[in-house]
Amino acid sequence: MRKRTLFRLATATAALGAATLAYASLVERNMFTLRRYDVPVLPADAEPLRILHISDLHMTPDQERKQRWVASLAALDPDLVVVTGDNMAHPEAVPGVLRALQPLLDLPGAFVFGSNDYTGPVWKNPFTYFLPDRGYVDGVALPYEDLRSVFTGAGWADLNNARTTVKAGGRLVELVGVDDPHIERDDYSLVAGAVSEEAGLSLGLTHSPEPRVLDEMAADGFDLLLAGHTHGGQVCVPGVGALVTNCGLPRTMAKGLHRWPGSDSWLHVSAGLGTHPTAPIRFACPPEASILTLIPR
């Protein structure tokens, strides 16, 4: 009787595990979700401004459902589009990325790259994400310069270790960004400095939300900091949240809108729209893009 009970328990556990894996890989991974946040960063008399934040597409050529969903976001008519990296996951991904983003390229926009814009994914043991000193392994080279040319050709601001201003929503927006800190391509010293008094709004962009970068942006007075990279934890525990962030950010800030500690800056971390191709699952953390409505303080 005891052996029979143990066998039934093991069978039920295996069935539950298989069902969870099927749900995570076939259902939730494709449950594209639009998040909405109000961010109080504007002067008292300012009109609201809407930012569409897209991150971590990790696009492969055959992901047509994702491409159609992202393209449909153009109907939101945002004032500014911000893309925080990891657009590609395949050497032939550029056409798919463009099918997704083409309807948005007529709008004011800005971008930074992530590690998976430069090199493709390689298989890794998912448990290594719990190791703080895990080394980064380069995969196949990706055509990031082709993607950069399309973005900048559309007038989007390239903020990889750069700083500029754009007009969006009828006002001057000051932008700063760094190349991906996750692979140590960032150099904030090239762009550091206090926010201009002429700017009606200031934004800081980084792919990986490393605290050392966010601290510097916040110290310079940037109103809103935007990042991706974490996938929101990708596989979360209901009631607990993310188990890892794959960076120095606390697990409690793995996604969503937060006040950056010790500053007046806000931080929005996108859980992103894709997954690493060798781990195509999401659980308790559906793929997302966000509309950030900036409102008076």
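Keep in mind it's a predicted model, so treat the numbers as computed, not measured.

What counts and what doesn't
- Starting from 1, residues in each chain are numbered consecutively following that chain's sequence as written.
- With the structure being a predicted model, the display of local features is reserved for residues of pLDDT at least 70 and the display and counting of side-chain atom pairs for 80 or more, all residues being used for whole-chain, interface and lining totals.
- Only hydrogens and water are removed before side-chain values are computed, so all heavy atoms of the structure are retained for them.
- Helix numbering and strand numbering both begin at the N terminus, where a helix is a DSSP run of H or I of at least 4 residues and a strand a DSSP run of E of at least 2.
- Per-residue accessibility, obtained with a 1.4 Å probe over protein chains only, is compared with the maximum for each type, and a residue is labelled buried under 20%, exposed over 50%, and partly exposed between these values.
- The criterion used for residue contact is that any of the two residues' heavy atoms lie within 4.5 Å.
- Only the protein chains shown count as cover for residues, with accessible areas throughout obtained via the Shrake-Rupley method and a probe of 1.4 Å.
- Only four residue types enter the tally: Lys and Arg on the positive side, Asp and Glu on the negative side, with His and both chain ends excluded.
- For salt bridges, the criterion is a side-chain nitrogen of Lys or Arg within 4 Å of an Asp or Glu carboxyl oxygen.
- Any pair of N or O atoms that falls within 3.5 Å is considered a polar contact. Within protein, one atom must be able to donate a hydrogen and the other to accept it, and sequence-neighbouring residues count only if both atoms are side-chain atoms.
- We define the nonpolar core as a collection of buried residues of types Ala, Val, Leu, Ile, Met, Phe, Trp, Tyr and Cys that are connected through side-chain atoms lying within 4.5 Å of one another.
- Here a strand pair is declared whenever DSSP counts at least two bridges between the two strands.
- For helices, the fitted axis covers only the stretch in contact; all axes are lines through C-alpha atoms, and the angles between them, taken along N-to-C directions, range from 0 to 180 degrees.

**Some words on the overall build of the protein chain**
Per the secondary structure count, the protein chain includes 6 helices and 14 strands. In the protein chain, which comprises 297 residues, the proportion classed as buried is 51%. Within the protein chain, contacts between residues at least 6 apart in sequence are counted, and of these 73% link residues at least 24 apart. As displayed, the protein chain has an accessible area near 13,300 Å², and 56% of this comes from carbon and sulfur atoms.

**Quick notes on the side chain of D56**
Mapped onto the fold, D56 is located in the loop between β2 (49-54) and α2 (64-72). No salt bridge is formed by the buried D56; the nearest opposite charge belongs to R282, separated by 7.0 Å. At 2.9 Å, the side chain of D56 forms a polar contact with the backbone nitrogen of H229. Not counting residues within four places of it along the chain, the set of residues in contact with D56 comprises G85, D86, H207, G228, H229, H231, G272, L273 and G274.

**Re the nonpolar core**
Nonpolar side chains in soluble globular proteins tend to end up buried together. In this structure, I54, L57, V70, L101, L104 and W156 are the most contacted members of the largest nonpolar core, which totals 30 residues. The leading source of residues in this core is helix α3 (residues 94-101), at 5 residues. Counting 25 residues, the second-largest nonpolar core is a separate cluster that includes V173, L175, L226 and L292.

**Quick notes on the sheet that holds strand β14 (residues 288-296)**
The 6 strands lie next to each other as β1-β14-β2-β3-β4-β5, forming an open sheet whose pairing is mixed. Each of the sheet's edge strands pairs with one partner strand only, and the pair in question is β1 (33-42) and β5 (157-158). Here β2 runs beside β14; their pairing, made up of 5 bridges, is antiparallel. Paired with I51 across the bridge in β14 is L292.

**Let's talk about the environment of A242**
Looking at where A242 falls in the secondary structure, it is placed in strand β11 (residues 241-242). Once you skip the residues sitting within four places of it in the chain, A242 turns out to touch G232, G233, C236, R251 and A254.

**Thoughts on the sheet that holds strand β12 (residues 256-259)**
Here 6 strands make up an open sheet; going across it, the order is β6-β7-β8-β9-β13-β12 and the pairing mixed. This sheet does not close on itself; its edge strands, each paired only once, are β6 (162-168) and β12. Strand after strand, the sheet turns through a mean of 25 degrees between neighbouring axes, direction not considered. With 5 bridges joining them, strand β7 (residues 171-177) and strand β8 (residues 201-205) adopt parallel strand pairing. Across the sheet, the residue bridging to L175 is L203, located in β8. Sheet strands touched by helix α6 (residues 211-219): β7, β8, β9 (224-227) and β13 (266-269). Its angle to β9, the strand with the most contacts, is close to 155 degrees.

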